[in-house]
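Remarks on the overall topology
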Amino acid sequence: MNLKQFKTLGAAVMVATLFGAPSLSAQAQTVKIDGSSTVYPISEAVAEEFQKAKKGTIKVTVGISGTGGGFKKFCRGETDISDASRPISAKEMQACAEAGIRYVELPVAFDALTVVINPKNTWIKEFKVEELKKMWEPGAQGKITKWNQVNPAWPDAPLKLFGAGSDSGTFDYFTDAINGKEKASRGDFTASEDDNVLVQGVSRDVNAIGYFGLAYYVENKDKLKAVPIVNKGSSKAVMPSLETVMDGTYQPLARPIFIYVSDKAIGRPEVREFVEYYLTHGAKLSKEVGYVPLGSQHYDLALKNFKSKKLGTGFGGKAEVGVRLDDLLHREAKL
């Protein structure tokens, strides 16, 4: 900066001081969010609308480090809100407790975890849960490497697997629902916490299969093909959609998704306003980005739990496949 620029800056500061320009403390307050790439599209949409409504007086930042990565930051006190595509785990509960971080657990939408293939794949019409297990279970590593090893009717072609990374709540839910245990999975597949990486991988390879949240399929359905799922004990193949999640027929891959709000952050008006806005407008915005909204009674109850600062999780550190939201929202919460 030369002397002329410095004098100009000094004059500007003097004018601002004399005539009451906003001080640093009066500038935009910030709400920090990080975590699940699955929940990201909803939180980002809510953040955009909220910032417009507040005319720039409150800034909301939304990061993507995966559910597990988000909880690490949250339990260190680095964020106000954690996006999560699964409930907080026992290990994460302990980390938060040790750091003095308490929280309110709030479901914000339903997701239909969607299994996708390349549009040029001509041999897949549906997937049985048992077939998905045969592809993804730990024992498949290095052994099940071709499509015809899963089903003899399928071609003798390489099986290219794309899935969520181990820091992802989607990985935890998928492995629990398909393989019967969280994190129980083969390791020889292309993994990423960024769902866009998985979209690109499947869209470029006719032999590829992947899975991620419904919103990423909806956004990329010109490049991908969603596959209907046949649940254990059923003969009916069901496509992921708003209707099949709401009527309970898309199983076992339908799940609620969450935000966790720090107790300390709730003490700040900008955080309270943002969360109340989220729960009031969540139905409309989650539907707009491709997710399934909760029932109005669920948003009302979540808002009541938030306003009364119902601290803790209704899961107690263990995820559940097929949980009922009415039951969850009424449960006693644990820290």
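To keep things clear, this report deals only with the structure shown in the data block. (Residues numbered from 1 in each chain as written. Predicted model: local features only at pLDDT ≥ 70, side-chain atom pairs only at ≥ 80, totals over all residues. Heavy atoms only, no water.)

1. Side note on the overall build of the protein
A tally of helices and strands in the protein yields 14 helices and 13 strands. Dimensions along the principal axes, computed over C-alpha positions, put the protein at roughly 80 × 55 × 35 Å. Evaluated residue by residue, the protein yields a buried proportion of 53% over its 335 residues. Across the protein, the fraction of contacts at a sequence separation of at least 24, relative to all contacts at a separation of at least 6, is 74%. Only carbon and sulfur atoms are counted for the fraction: they give 54% of the accessible area of the protein, which is about 15300 Å². When the 44 basic and 39 acidic side-chain charges of the protein are each reduced to a single mean position, those positions are 3 Å apart. (Helix = DSSP H or I, 4+ residues; strand = E, 2+ residues; numbered from the N terminus. Buried < 20%, exposed > 50% of the residue type's maximum accessible area, 1.4 Å probe, protein only. Contact = heavy atoms within 4.5 Å. Areas by Shrake-Rupley, 256 points an atom, 1.4 Å probe, with all protein chains shown as cover. Lys, Arg positive; Asp, Glu negative; His and termini not counted. Charge placed at Lys NZ, Arg CZ, Asp CG, Glu CD.)

2. Here's the deal with helix α3 (residues 66-75)
In terms of burial, α3 is largely enclosed, as 8 of its 10 residues are buried. Taken together, the buried residues of α3 touch β1 (29-35), β3 (81-84), α4 (90-98), β4 (103-112), α7 (169-179) and β13 (254-262). Downstream of α3 by a residue or two, Gly77 has a phi angle that is positive, lying close to 80 degrees.

3. Considering the pattern of salt bridges
The full count for this structure, using the stated rule, is 21 salt bridges. Between Lys73 and Asp34 there is a salt bridge, with its nearest N and O atoms 2.8 Å apart. Note that Lys73 is positioned in helix α3 and Asp34 in strand β1, a separation of 39 residues in sequence. With relative accessibility at 26%, the residue Lys73 sits in the partly exposed group. Residue class for Asp34 comes out buried when judged on its relative accessible area of 8%. Residues Arg268 and Glu270 are paired through a salt bridge, measuring 2.9 Å at the closest nitrogen-oxygen approach. A relative accessible area of 27% places Arg268 in the partly exposed class. (Salt bridge = Lys/Arg side-chain N within 4 Å of Asp/Glu carboxyl O.)

4. A few points about the sheet that holds β1
Here we have 5 strands laid out as an open sheet, ordered β2-β1-β3-β13-β4, and mixed in their pairing. This sheet does not close on itself; its edge strands, each paired only once, are β2 (58-62) and β4. Here the strands of the sheet are splayed against their neighbours by 20 degrees on average, with no regard to which way each runs. In this structure, β4 lies alongside β13, joined through 9 bridges in antiparallel fashion. Paired with Leu106 across the strands is Ile259, a residue of β13. (Pairing = 2+ DSSP bridges. Axes fitted to C-alpha atoms, helices over the stretch in contact; angles between N-to-C directions.)

5. Topic: unusual backbone geometry
The linkage connecting Gln251 with the following residue, Pro252, adopts the cis geometry, with an omega of 10 degrees. By the secondary structure assignment, Pro252 is in the loop between α10 (242-246) and β13. Although it is not a glycine, Lys55 adopts a positive phi angle of roughly 55 degrees. Inspection of the secondary structure puts Lys55 in the loop between α2 (40-53) and β2. Residue Lys309 is not a glycine yet carries a positive backbone phi of 55 degrees. Within the secondary structure layout, Lys309 lies in the loop between α13 (296-307) and α14 (325-330).

6. Here's the deal with the packing of α2 against helix α12 (residues 269-288)
Direction vectors running N to C along α2 and α12 enclose 120 degrees, while the axes themselves pass 9 Å from each other. Our classification of the angle between α2 and α12 gives oblique. In this structure, α2 meets α12 at a crossing whose hand is right-handed. On α12, the residues that touch Ile42, Ser43, Ala45, Val46, Ala47, Glu49, Phe50 and Ala53 of α2 are Glu270, Glu273, Phe274, Tyr277, Tyr278, Leu285 and Ser286. (Parallel < 35°, antiparallel > 145°, perpendicular 65-115°, else oblique. Left-handed = near helix turned anticlockwise from the far one by under 90°.)

7. Looking at the packing of aromatic side chains
Per the stated rule, a full pass over the model turns up 17 aromatic pairs. Ring geometry for Trp136 versus Phe174: centroids 5.7 Å apart, planes at 80 degrees, classification edge-to-face. One end of the pair, Trp136, is in helix α5 (residues 129-136); the other, Phe174, is in helix α7, with 38 residues separating them in the sequence. Taken as a pair, Trp136 and Phe174 share a single burial class, namely buried. With 5.3 Å between their ring centres and 80 degrees between their planes, Trp136 and Tyr211 make a pair best called edge-to-face. (Phe/Tyr/Trp six-rings, centres within 6.5 Å; stacked < 30°, edge-to-face > 60°.)

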